[in-house]
Amino acid sequence: MAATSYQGKEACSKVTSVSQLLIVAAASLLSQSSLANPSREVSPVVDTGATPTDTALDADAYTNQVSPKVDVAMVYYQERDRVTVAEGIFKLSQNFGDKDKLVTKLALDTITGASANGAVTQQQVQTFTRPSGTGVYQARPGETPLDDTFKDTRLQLSSTWVHTPSAGTLTTLGGYLSREYDYTSIGLNGGGQWSFNKGNTQANLAGGYFYDIANPVGGRPAPMSEMVFRQDFDSEAAFKAEFDKTRQSGSESKQTLDISLGLTQTVNKYWLMQINYGVSYVSGYMTDPYKVLSRINSDGHAVGYHYEHRPDKRLKQSLYVMGKRALTYGVFDLSYRYSIDDWSIDSHTLESRYRVNLTTRSFVQLHLRAYQQTAAKFYRLYLRDDQALPQYGSADYRLGAIDSYTIGLKYGQRLKDGTLATFRLEYYQQRPQNSGFDLVGQLRRFDQFPNNDAIIAQLGFSF
């Protein structure tokens, strides 16, 4: 088979299956962004800009295969001197007749390493009480304060029923469950797609509702309460009594409602265009219980640490535009996403993939992504000792002004038995920016906005 006809079949003649994938992906992407546990530093598939169509797990997920389709993948994410994530994913797709399909996905990931706790870098040793109230951890002079006991294991299970009641119409209904040591999330999602204009135009509507429960180690910190230290008390009992005053008992919940509207248009046999509008409303506990802010004096010296506090409501809107072009020996796509929310975070994402077919059984794909966001209105690098405490405040760099870049390559090979094997290797860099904070005293001696570099590797098999 010539490379030209191979590419044409993949990128153009399967417009229906591509659009079916897009509707399911729309609800998935919305839920992934809002479901994230605030205390979880990274998600190696989502946060690096990968989309469902980029992984071996989702390639051709909604084409009409007769026998069960099995996908497995292993993802490894490694930050320099910080977080390490290892994730295993298993996915099973099964047709029931020619109108129904059940897609079930199981994922297990572990996260270990050191997480930036939000405190500023200092010229002296800094000591922090662990979230449990038992023991301390320290940051050496000139080092970004990191909590080196950051660890968790998460199990995720999701299932989606895809039904085609008639030609040109498709519906989905799914459920989601995620469990980790201090966080539980459950949800429902669904959607519909309608084709018209001789099948060249598809309109879709997707939505989801999610309910999350947070039960942090050591309890929830009281908003903006000050960290206490064992060394300042004569007895363990006295320290424990004061530590308990900084904690709130019981768990807290968060609710999320996501809605996405989209339109996919086949322009001609080479071009496919898509536009999506999404809105997400979140209500409940969104504070990261493990983050703190430094309280500094006029010399930039930290004289105390306070637990962060975030608003309990958030409304986020996004607009996504994508174009996909079939080339003689490959496929090129370019997308742009603009997002705003009432936390004053505006973000821009520009992303592109260029896939080249080396043979009829193998390909290589270049991935480029650039991301930029403004800081949340309550983001603060530090608190001032001579000023009253604000109602809300967070020094989490993920809520600050930040630029990030991804560059990667993916190689795919169809084996003799029909199995598709893929390997993806990417470099990811986050570049936090100063959004107008004065670096007073000793703060200017150190980089308070260090870059964060990571490597992502993924191996996948689809058979």
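Everything numeric in this text was worked out from a predicted model, so none of it was measured. (Residues numbered from 1 in each chain as written. Predicted model: local features only at pLDDT ≥ 70, side-chain atom pairs only at ≥ 80, totals over all residues. Heavy atoms only, no water.)

A. Quick peek at the overall build of the chain. Assigned secondary structure in the chain consists of three helices and 25 strands. Counting all 463 residues of the chain, 52% fall into the buried class. Of all intrachain contacts in the chain linking residues separated by at least 6 positions in sequence, the fraction that spans at least 24 positions is 66%. (Helix = DSSP H or I, 4+ residues; strand = E, 2+ residues; numbered from the N terminus. Buried < 20%, exposed > 50% of the residue type's maximum accessible area, 1.4 Å probe, protein only. Contact = heavy atoms within 4.5 Å.)

B. Spatial organisation of the sheet that holds strand β16 (residues 292–296). The strand order across the open sheet built from three strands is β17-β16-β22, with neighbouring strands paired in mixed fashion. Each of the sheet's edge strands pairs with one partner strand only, and the pair in question is β17 (302–307) and β22 (383–384). The sheet contact formed by β16 and β17 spans five bridges and is antiparallel. Bridging across to β17, Val-292 finds its partner in Tyr-307. (Pairing = 2+ DSSP bridges.)

C. Seen up close, the environment of Leu-108. As for its position among the elements, Leu-108 is in strand β3 (residues 100–113). Sequence-wise, Leu-108 and Phe-90 are 18 residues apart; in three dimensions their C-alpha atoms are separated by 9.0 Å.

D. Representation of the pairing of strand β14 (residues 252–266) within the structure. Here strand β11 (residues 201–214) pairs with β14 via 14 bridges, running antiparallel. By the bridge assignment for β14, Ile-213 is matched with Ser-253. Counted between consecutive antiparallel strands, the loop separating β14 from strand β15 (residues 271–284) contains four residues.

E. Highlighting the environment of Gln-126. Along the polypeptide, Gln-126 turns up in strand β5 (residues 126–129). Put simply, Gln-126 and Ala-139 are 13 residues apart on the chain and 5.1 Å apart in space, counted from C-alpha to C-alpha. Ignoring any residue separated from it by four or fewer positions in sequence, one finds Gln-126 in contact with Ala-119, Val-120, Thr-121, Tyr-137, Gln-138, Ala-139, Pro-145, Ala-302 and Tyr-305. Only 2.7 Å separates the side chain of Gln-126 from the side chain of Tyr-305, close enough to count as a polar contact. (Polar contact = N/O pair within 3.5 Å; in protein donor to acceptor, adjacent residues only side chain to side chain.)

F. Spotlight on the packing of aromatic side chains. Within the structure shown, the criterion is met by eleven aromatic pairs. Ring geometry for Tyr-176 versus Phe-210: centroids 6.2 Å apart, planes at 80°, classification edge-to-face. Taken as a pair, Tyr-176 in strand β9 (residues 169–180) and Phe-210 in strand β11 lie far apart in primary sequence, 34 residues in all. Each member of the pair, Tyr-176 together with Phe-210, is buried. Consider the rings of Phe-229 and Tyr-305, whose centres lie 6.4 Å apart with planes at 70°: the pair is edge-to-face. With Phe-229 in the loop between β12 (220–221) and α3 (236–245) and Tyr-305 in strand β17, the pair connects residues that are 76 residues apart, well separated along the chain. With respect to burial, Phe-229 and Tyr-305 carry one shared label: buried. The structure contains a cluster of three or more aromatic residues connected by ring pairs, namely Phe-128, Tyr-137, Phe-229 and Tyr-305. Above the ring of Tyr-285, the side-chain terminus of Arg-220 is found at 6.0 Å from the ring centroid. (Phe/Tyr/Trp six-rings, centres within 6.5 Å; stacked < 30°, edge-to-face > 60°. Lys NZ or Arg CZ within 6 Å of the ring centre and 35° of its normal.)

G. Spatial organisation of the side chain of Lys-101. Among the structural elements, Lys-101 can be located in strand β3. No salt bridge forms around the buried Lys-101; measuring N to O, its nearest opposite-charge neighbour Asp-71 is 9.3 Å away. Polar contacts involving the side chain of Lys-101 include one to the side chain of Asn-95, which spans 2.6 Å. (Lys, Arg positive; Asp, Glu negative; His and termini not counted. Salt bridge = Lys/Arg side-chain N within 4 Å of Asp/Glu carboxyl O.)

H. Inspection of the confidence of the model for the chain at higher detail. Across the chain, pLDDT averages 88, with 86% of residues at or above 70. Note that residues 1–36 has pLDDT below 50 and, in this model, 76 contacts with residues that lie over four places away or in other chains. Below pLDDT 50 for its whole length, residues 41–63 participates in 86 contacts with residues either more than four positions away or in separate chains. (pLDDT = per-residue confidence, 0-100.)

I. Just the nonpolar core, in detail. If you look at the biggest cluster of nonpolar residues, it comprises 17 residues, and the most contacted ones within it are Trp-343, Ala-376, Tyr-379 and Leu-399. If we skip the residues at most four places from it in the chain, Ala-376 touches Trp-343, Ile-345 and Leu-399. The next biggest cluster of nonpolar side chains, apart from the first, holds ten residues, and it includes Ala-119, Tyr-137, Val-292 and Tyr-307. (Core = buried A, V, L, I, M, F, W, Y, C linked by side-chain atoms within 4.5 Å.)

J. How the structure looks around the pairing of strand β21 (residues 362–373). Here twelve bridges tie strand β20 (residues 347–359) to β21, and the two strands are oriented antiparallel to one another. Counted as the bridge partner of Leu-350 is Ala-370 from β21. Between β20 and β21, which pair antiparallel and follow one another directly, the connecting turn spans two residues. Note: β21 against strand β23 (residues 402–414), twelve bridges, orientation antiparallel. Following the sheet pairing, Gln-373 is matched in β23 by Ile-402.

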